[in-house]
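Structure at a glance
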Amino acid sequence: VTALAVTVGALFAWLWTGAAVSTVGKAPFDNALAIPPQAESTVERDGTRVFDLRMQAGETEFQEGRRTTTWGFNGSYLGPTLRAKRGEKVRVRVGNDLDEASSVHWHGMHLPARMDGGPHQMIAPGAAWTPHWTVDQPAATLWYHPHPHGKTEEHVRRGLAGLFLLDDEESARLSLPKRYGVDDLPVVVQDVRFDGSRLSGDRGLMQNVGFLGDRTVVNGTLRPYREVHDELIRLRLVNASTARTYAFGFPGDRDFSLIGTDGGLLARPAVMDRIQLSPGERAEIVVRVEAGERVMLRSFPQDNYGGFWQRRFGGGDDSFDVLELRAARQLRPSPRLPATLTEPELPDGAEAVRGRHFDLKLSGINGRSMDMGRIDETVTRGTTELWTIRNTNGMPHNFHVHDVQFRVVEVNGSAPPPALRGPKDTVFVPHGTTMKLALRFTGPADPDVPYMYHCHLLYHEDEGMMGQFVVVEKGQSAGTPPDHAEHGAGQARRGG
Ligand code: C2O
Ligand code: CU
């Protein structure tokens, strides 16, 4: 029965996506890669670092002479890279210059629920919201994007996304490539499809996975190349696509070292030749280049269920180019990668005081569709839990939890592969997978304001594959989520 379900699922997936894709061909990668600017900030007397973000509509010239209507932060597409150190207080003033309400969520950040930027912290058009918190987690590649319930897919796909990099004493001390835009490159990957002067969001006929584009952009650049001048190049890979899963690697089975996952550095570099990232996941890799050569970052065929449902660039070949690195004729020597990086701060599954189960279906998680007024799970501050995530839905899903970085304890009964051994906030859960995660909730407690967990295939999230949890003190029970519309407007007025 299971085998039949898989086959039927795969057939449908193929039917859904087969018609929607065109061929990119072998056009040269000759557009200089855009590097998102590092956001300016001011530091107040008490040490608070203050940023300014504005959501705005604009036009972007992805292709010469062709204007596309897009959204961005402080610009027409994507946003600046925010950066802060562990221990720093930060405050971000987020203005909304769009003509509809949205929100901004700090994906991967440990922070109080009312600063999280989920669907309960909406920002009305013309209003502003000013969350603040203290950075209390290791160096990592995090990102930010809107999270309005039912419209996240659209708002991200139009271009609202940016990086939030965290640094700490260890990351400063380690001899890793760390010159932003030089040997430490942000690589925000998205798939797009152009439809006249706008970005298409067409899911195609009966396509249940979500939007799949027919070409990719990196940091908003089509067919990008980057000239590099160092032997070792660190790539901060971010899958900011709304539905597409990638298996990144280099032709000729060139190895690279994985040094970090969603929430920070690994214990030691792990040498591999592929890394699969589903929407929302990040990986920091370091690749060696030789003087004068061109090295293409590609996405390769995906051996698990991910490969079935999404069609490819270039007629049946599930392999397409993403970013060309052009090494200069003279390269600066890079120090060797350290043998050990850090002691990742991962929860210990053996300390778990309770377990929960999450069954992933497009119709909802555990059979329930998202309800803003319902708290689905109540967890106690200061405890560790074991969550079992299961997908038997015949289609790809992933699982993202706000506020925490978790440990993958088990994948289908086995120890996790190296790519899943670091701190994670999002994991790919293909059909036929059961995954065990250890999560530790350190608070602060707030019985009234929930965090989200959801599928990060954003069409699925919008369709209701999302639930809400609150963190409470021992013995306390969950409160009532605020009416989001009123709360959002009130917050915005106070914040603005
Ligand atoms: Cu990246 Cu709940 O989101
Ligand atoms: Cu899903």
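Looking at an unreviewed UniProt entry, the protein chain carries the name Multicopper oxidase domain-containing protein, with the source organism given as Streptomyces cathayae.

Digging into the overall build of the protein chain
From N to C terminus, the protein chain includes six helices and 35 strands. A burial count over the protein chain gives 51% of its 496 residues as buried. Nonlocal contacts in the protein chain, meaning residues at least 24 apart in sequence, comprise 80% of its contacts between residues at least 6 apart.

Considering the pairing of strand E21 (residues 264-272)
Each regular strand shows side chains that alternate between the opposite faces of the sheet. Pairing of strand E20 (residues 256-261) with E21, which is carried by five bridges, proceeds in the antiparallel orientation. In the sheet register, Ser257 faces E21, and the bridge partner there is Val271. Connecting E20 to the next strand, E21, in antiparallel fashion are two residues.

Some details on the UniProt feature "domain: Plastocyanin-like" (unreviewed entry) in the protein chain
Mapped onto this structure's residue numbering, the UniProt feature "domain: Plastocyanin-like" (unreviewed entry) falls at residues 56-170, 229-290 and 359-473. Along residues 56-170 the backbone is 7% helical and 42% strand, and the end-to-end C-alpha distance reaches 36 Å. Along residues 359-473 one finds 5% helix and 45% strand; the C-alpha atoms at either end are 27 Å apart.

Thoughts on the confidence of the model for the protein chain
Averaged over the protein chain, the pLDDT score is 91; the fraction of residues at 70 or greater is 89%. Here residues 1-24 is modelled with pLDDT under 50, and outside its nearest four sequence neighbours on either side it reaches 44 contacts, counting other chains as well. Scored below 50 in pLDDT, residues 485-496 shows 21 contacts in the model against residues more than four places distant or in partner chains. Here the prediction assigns the complex a pTM of 0.92, and the interface score ipTM is 0.98.

Regarding the nonpolar core
Among the nonpolar cores identified, the biggest contains 117 residues, and Phe164, Val187, Val188, Ile233, Leu237, Ile285 and Leu437 are the most heavily contacted of them. Ignoring sequence-local partners within four residues, the contact set of Val187 consists of Val218, Leu235, Arg236, Leu237, Val238 and Leu323.

Let's talk about the sheet that holds strand E7 (residues 105-107)
Taking strand neighbours across the sheet as the criterion, the four strands line up as E5-E11-E10-E7 in an open arrangement whose pairing is mixed. Whereas interior strands pair on both sides, the edge strands pair on one side only; in this sheet they are strand E5 (82-85) and E7. The average angle at which neighbouring strand axes cross in this sheet is 25°, direction not considered. Pairing between strand E10 (residues 140-145) and strand E11 (residues 162-167): five bridges, direction antiparallel. Pairing of Ala140 across the sheet is with Leu166, part of E11.

Focus: the domain arrangement of the protein chain
Per the domain assignment, the segments of the protein chain are domain 1 (2-25 + 177-332), domain 2 (33-168) and domain 3 (349-495). Contact with domain 1, which involves 33 residues of that partner, is made by 30 residues of domain 2. At the level of elements, strand E12 (184-192), strand E14 (198-199), strand E15 (215-218), strand E16 (221-222), strand E17 (224-230), strand E18 (232-239), E21 and strand E23 (282-288) are the ones that each hand at least two residues to the side of domain 1 that touches domain 2. The element best represented in the side of domain 1 that touches domain 2 is E17, accounting for three residues. For the side of domain 1 that touches domain 2, a count of residues per class yields 15 nonpolar, 12 polar and six charged.

A word on the sheet that holds strand E34 (residues 451-454)
Spatially, E28-E35-E34-E30-E32 is the arrangement adopted by the five strands of the open sheet, whose pairing is mixed. Every other strand in the sheet has two partners, leaving strand E28 (377-380) and strand E32 (426-429) as the edge strands with one partner each. Averaged over neighbouring strand pairs, the angle between their axes works out to 25° when direction is ignored. For strand E30 (residues 397-401) and E34, the ladder comprises two bridges, and the chain directions are antiparallel. Among the inter-strand pairings, Val401 is bridged to a residue of E34, identified as Tyr453.

Topic: the environment of Thr221
Secondary-structure assignment places Thr221 in strand E16. Since 20 C-beta atoms lie within 10 Å of it, Thr221 is described here as buried. A C-alpha to C-alpha distance of 32 Å links Thr221 and Gly464, two positions 243 residues apart in sequence. Filtering out sequence-adjacent residues up to four positions away, Thr221 remains in contact with Asn31, Leu33 and Ala34.

Observations concerning unusual backbone geometry
The step from Gly443 to Pro444 runs through a cis peptide bond, and the omega angle for that step is 10°. In this structure, Pro444 sits in the loop between strand E33 (433-441) and E34. Despite not being glycine, Asn74 shows a phi value in the positive range, around 55°. Residue position: Asn74 is located in the loop between strand E4 (66-73) and E5. Phi is positive for Asn219, which is not a glycine, with a value near 50°. Mapping Asn219 onto the fold places it in the loop between E15 and E16.

A word on the environment of Met466
Counting through the fold element by element, Met466 comes out in strand E35 (residues 466-472). For the pair Met466 and Phe399, spaced 67 residues apart in the sequence, the C-alpha separation amounts to 9.4 Å.

Reading guide: rules and limits
Residues numbered from 1 in each chain as written. Chains lettered and ligands numbered in written order. Predicted model: local features only at pLDDT ≥ 70, side-chain atom pairs only at ≥ 80, totals over all residues. Helix = DSSP H or I, 4+ residues; strand = E, 2+ residues; numbered from the N terminus. Buried ≥ 20, exposed ≤ 12 C-beta atoms within 10 Å, placed from the backbone. Contact = placed C-beta atoms within 7 Å. Pairing = 2+ DSSP bridges. UniProt positions renumbered as here; feature names shortened; annotations may be inferred. pLDDT = per-residue confidence, 0-100. Core = buried A, V, L, I, M, F, W, Y, C linked by C-beta atoms within 7 Å. Axes fitted to C-alpha atoms, helices over the stretch in contact; angles between N-to-C directions. Domains from an automatic or database assignment. Nonpolar A, V, L, I, M, F, W, Y, C, P; charged D, E, K, R; others polar.

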